[in-house]
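# Chain and residue survey
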Amino acid sequence: ESYGLHFVLALSGKRKDGAPLGLDAADFDHDGKLGLLDAHTWASIEAVSFDVPTTTSERWLRHATAALPAAAPSEGRALDPALAPEAAAVARQLGASLGLTSERAVERRWGELGKQIDSLEDGIEDAEDALAAREAEEAALLLEHWPVLDDPFHPDFEATFDNNRGAIESALSASPQAHARAEQSARTAALYDHLRGLQLEEARVLRLRRAYETQHRAAALLKRGGPAAKYYLSLLACERAAP
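Just so it is clear, the structure is predicted and the values come from calculations on it, not from any experiment.

### Observations concerning the overall build of the protein chain
Across its full length, the protein chain holds 10 helices and zero strands. Reading the protein chain from its N terminus to its C terminus gives the helix and strand order α-α-α-α-α-α-α-α-α-α. Relative to a compact globule of 243 residues, whose C-alpha radius of gyration would be 18 Å, the protein chain shows 27 Å and is clearly more extended. Here the C-alpha coordinates of the protein chain stretch approximately 80 × 40 × 30 Å along the principal axes. When the 243 residues of the protein chain are sorted by exposure, 37% land in the buried category. Counting only carbon and sulfur atoms, one obtains 56% of the accessible surface of the protein chain, whose full area is about 13300 Å².

### Some points on unusual backbone geometry
Here His 30, not a glycine, exhibits a phi torsion of approximately 55°, which is positive. Structurally, His 30 can be placed in the loop between helix 2 (23–26) and helix 3 (36–46). Its relative accessible area of 69% is what places His 30 among the exposed residues.

### Side note on the side chain of Ser 102
Checked against the element boundaries, Ser 102 lands in the loop between helix 5 (85–98) and helix 6 (103–145). Here Ala 105 takes part through its backbone nitrogen, which lies 3.1 Å from a polar atom of the side chain of Ser 102.

### Looking at a negative patch on the surface
Side chains of Asp 118, Glu 121, Asp 122, Glu 125, Asp 126, Glu 128, Asp 129 and Glu 135 sit close together on the surface and give a patch of like negative charge. By the element assignment, Glu 121 lies in helix 6.

Cut-offs and rules
- Residues numbered from 1 in each chain as written.
- Predicted model: local features only at pLDDT ≥ 70, side-chain atom pairs only at ≥ 80, totals over all residues.
- Heavy atoms only, no water.
- Helix = DSSP H or I, 4+ residues; strand = E, 2+ residues; numbered from the N terminus.
- Rg over C-alpha atoms; globule rule 2.2 N^0.38 Å.
- Buried < 20%, exposed > 50% of the residue type's maximum accessible area, 1.4 Å probe, protein only.
- Areas by Shrake-Rupley, 256 points an atom, 1.4 Å probe, with all protein chains shown as cover.
- Polar contact = N/O pair within 3.5 Å; in protein donor to acceptor, adjacent residues only side chain to side chain.
- Patch = residues over 30% accessible without salt bridge, like charges linked within 9 Å, V, L, I, M, F, W, Y side chains within 5 Å.
- Salt bridge = Lys/Arg side-chain N within 4 Å of Asp/Glu carboxyl O.
- Lys, Arg positive; Asp, Glu negative; His and termini not counted.
- Charge placed at Lys NZ, Arg CZ, Asp CG, Glu CD.

Following this line, the structure appears as structure tokens:
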């Protein structure tokens, strides 16, 4: 699901499943061909991944408008999609995929995700401490019966291990300490799975935030005009070229 996978396939005129990717789906600037920026935009919309891709033109846009005040989140009505059609497509299509169809909804969800991730990370830290304690209890059980297992270089280590293999295996799998460690390990793993899911959504929501920001900044820069605006348009022309 990586950005790179979708990007390369789009340049080849294909979707991830191998079906043709037509101009009707991915010619975002409507120039009659699939260019580099079209492929980038398609991948930004389609990739269910942790990637938050960016472009040279976006970086320049943020540099050129750094002194301008941040625009207030809109409901989409004040943004002209023609000024930044690729960013508008990300906002529209990725937003629909995530159920976030306005800039205000995106900002609300961004704030919620931040709080959820912070809380979950605190929970994971507690779970890791609990897991370490369960592992220490299991290790203490082993060393209570076979102290030399604490030192693999001890002259009796190998013989102790070989002569007590079954009992050691039982202690690591069937003892109350082993069960407690396994249960805590499963709880900790489940928290990490939840965190990864939130972080995946967070990355995609960040793409949405950047798409709205690009639209606002492009509108401001093009309205102001001048050399910076011309340079921005020249960067876009390069990025829109078809290989």
